[in-house]
Amino acid sequence: MRTISPEDPRLMIPSYWEEAKSELMKRDRIMRKLIPQFGDLQLTARGDAFTTLARSIIGQQISTKAASAMWQRFLEVCPKCTPLQVTRAGAESLAGCGLSKRKAEYILDLANHFKAKTVHPDKWAEMDDEDVIAEMLQIRGIGRWTAEMFLIFNLLRPNVLPLDDLGLLKGISVNYFSGEPVSRSDAREVAANWEPWRTVATWYLWRSLDPLPSEE
């Protein structure tokens, strides 16, 4: 499913990326023009499951800059970002990082699920996408979009199509429909040509809007 860069053992790179690029360029004229624009850039992932999800919750509905600042304040309280450290910190300390009461509750619920082993991150790499999503949806503050972002950026799954993602819909609109608005149905129809590499095509459409990959 994935390989590890020898330069950085924390950095995961998808072993399927070159194959996916080649196939997408053969069958999709937009991808044929788009993919070469980004050279050797590719999807990468860092971090463990708990850290990735905690950061996703903290970053919900705020700007990237604000999310980064809040994450740094969170790490001052929970520098190791473990479930035990979060539960020991408690809601009051989490709120002191600038988190809303609701987000503090979400982070605590995430920690409690990990501690109680009601979710199984050690098994997610072997589970089907929908089974992973179903487990994650048990956690307060995690919806389908967050779960799909986790599949893409943490598990590096090759065939995720996040239809609730505004960047994906805008990327399809700009590149395939001359800027006209697109529906989820339109997006699904375009993406049928990308199987089984919908993650890769989605990533390139994100890059078409924002050439620099975000740090996940």
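Given the structure is predicted, the values throughout are model-derived calculations rather than measurements.

Trainee: Help me out: how do you make sense of the nonpolar core in this one?
Mentor: Within soluble globular proteins, side chains that are nonpolar generally end up buried alongside one another. Counting 66 residues, the largest nonpolar core has Phe74, Trp124 and Trp194 as its most contacted members. Per-element accounting of this core gives the leading share, seven residues, to helix H6 (residues 101–116). Apart from residues no more than four positions distant in its own chain, phenylalanine 74 is found in contact with Ile58, Cys81, Val86, Leu94, Cys97 and Ile107.

Trainee: Is there a simple way to think about the side chain of threonine 199 in this case?
Mentor: Examined against the element boundaries, threonine 199 turns out to sit in helix H11 (residues 198–209). Among the residues examined, threonine 199 registers a relative accessible area of 1% and is labelled buried. Within the structure, the side chain of threonine 199 is placed 3.3 Å from the backbone nitrogen of asparagine 159, a separation counted as a polar contact. Those residues within four positions of threonine 199 in sequence are excluded, and the remaining contacts are Tyr16, Leu43, Ile152, Arg157, Pro158, Asn159 and Val160.

Trainee: Honestly, unusual backbone geometry in this entry has me stumped. Any pointers?
Mentor: Note: most peptide bonds trans; most residues except glycine with negative phi. A cis amide bond links glutamate 195 to the next residue, proline 196, at an omega of 0°. By the element assignment, proline 196 lies in the loop between helix H10 (184–191) and H11. The backbone of cysteine 81 shows a phi angle near 50°, a positive value even though the residue is not glycine. Relative to the helices and strands, cysteine 81 resides in the loop between helix H4 (64–77) and helix H5 (83–96). Within the chain, serine 178 stands out as a residue other than glycine whose phi angle is a positive 50°. The topology assignment puts serine 178 in the loop between helix H9 (166–176) and H10. Given the relative accessible area of 72%, serine 178 is considered exposed.

Trainee: I'm lost on the packing of helix H7 (residues 129–136) against helix H8 (residues 144–153) in this one. Help?
Mentor: Between two packed helices, the angle of one axis relative to the other and the distance separating the axes together describe the packing. Where H7 contacts H8, the two axes come as close as 9 Å, and the packing angle between them is 130°. Judged by the angle between their axes, H7 and H8 are oblique. When the axes of H7 and H8 are compared, the crossing they make is right-handed. In this structure, H7 uses Asp129, Glu130, Val132, Ile133 and Met136 to contact H8, whose residues at the interface are Arg144, Ala147, Glu148, Phe150 and Leu151.

Trainee: How do you make sense of the side chain of lysine 21 when you look at a structure like this?
Mentor: Positionally, lysine 21 belongs in helix H1 (residues 17–27). Every residue in contact with lysine 21, bar those within four places of it in the chain, is listed here: Ile35, Gly39 and Tyr204.

Trainee: Can you walk me through H9 in this structure?
Mentor: Three or more residues of H9 are buried, namely Leu168, Leu169, Gly171, Ile172 and Ser173. Considering only its buried residues, H9 is in contact with H10 and H11. Between the side-chain oxygen of the N-cap and the backbone nitrogen of glycine 167 there are 3.1 Å, and the N-cap of H9 in question is aspartate 165. One or two positions beyond H9, positive phi appears at serine 178, with a value near 50°.

Calculation notes
Residues numbered from 1 in each chain as written. Predicted model: local features only at pLDDT ≥ 70, side-chain atom pairs only at ≥ 80, totals over all residues. Heavy atoms only, no water. Core = buried A, V, L, I, M, F, W, Y, C linked by side-chain atoms within 4.5 Å. Buried < 20%, exposed > 50% of the residue type's maximum accessible area, 1.4 Å probe, protein only. Helix = DSSP H or I, 4+ residues; strand = E, 2+ residues; numbered from the N terminus. Contact = heavy atoms within 4.5 Å. Polar contact = N/O pair within 3.5 Å; in protein donor to acceptor, adjacent residues only side chain to side chain. Axes fitted to C-alpha atoms, helices over the stretch in contact; angles between N-to-C directions. Parallel < 35°, antiparallel > 145°, perpendicular 65-115°, else oblique. Left-handed = near helix turned anticlockwise from the far one by under 90°.

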